[in-house]
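Each chain is listed here by its residues.
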Amino acid sequence: MRLDKYLKVSRLIKRRTVANEACDAGKVIVNGKSARASYDVKEGDVLEITLGAKSVKVRVTQVKEVVRKEDAAAMYEAV
């Protein structure tokens, strides 16, 4: 799954366009490297997202195309 879509589906970022812009601006780091929106997310990847003064670091636990709002937090774990 594309990185921008994963960020939206997992609800780490609310909108896919915002996720795409964050990737283009270099604010999303995957496994220590700046990643583009087209990066293919895999289980075990470590994502570091910086938006404004807020920084979030998570590990991908599962990748699903469609997830209910209540189950979205199960797609990642805080690191």
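Residues numbered from 1 in each chain as written. Predicted model: local features only at pLDDT ≥ 70, side-chain atom pairs only at ≥ 80, totals over all residues. Heavy atoms only, no water.

> What is the right way to read the environment of Ala73 from this model?
You can see Ala73 is positioned in the loop between β4 (54-60) and β5 (76-78). Expressed as a C-alpha distance, the spacing of Ala73 and Leu12, which sit 61 residues apart in the sequence, is 8.6 Å. (Helix = DSSP H or I, 4+ residues; strand = E, 2+ residues; numbered from the N terminus.)

> Can you walk me through the pattern of salt bridges in this structure?
When the charged atoms of two side chains with opposite charge come close together, those side chains can pair. In the structure shown here, the tally under the stated rule is six salt bridges. Residue Arg59 is joined to Glu77 by a salt bridge in which the shortest nitrogen-to-oxygen separation is 3.4 Å. Of this pair, Arg59 sits in strand β4 while Glu77 sits in strand β5; the two residues are 18 residues apart in sequence, bridging distant segments of the chain. You can call Arg59 partly exposed: its relative accessible area is 32%. Residue Glu77 is classed as partly exposed on the basis of its relative accessible area, which comes to 37%. Here Arg68 makes a salt bridge to Glu70, at a shortest N to O gap of 3.2 Å. Across the pair, exposure class does not vary: Arg68 and Glu70 are exposed alike. If you follow the salt bridges from partner to partner, you end up with Arg2, Asp4 and Arg16 in one network. (Salt bridge = Lys/Arg side-chain N within 4 Å of Asp/Glu carboxyl O. Buried < 20%, exposed > 50% of the residue type's maximum accessible area, 1.4 Å probe, protein only.)

> I'm lost on the sheet that holds strand β2 (residues 33-34) in this one. Help?
Within a sheet, neighbouring strands are paired by backbone hydrogen bonds and run either parallel or antiparallel to one another. Within the open sheet, the five strands sit side by side as β2-β1-β3-β4-β5. Their pairing is antiparallel. Where the open sheet ends on each side, the last strands, each with one partner, are β2 and β5. Here three bridges tie β4 to β5, and the two strands are oriented antiparallel to one another. Across the sheet, residue Arg59 finds its bridge partner in β5, namely Glu77. (Pairing = 2+ DSSP bridges.)

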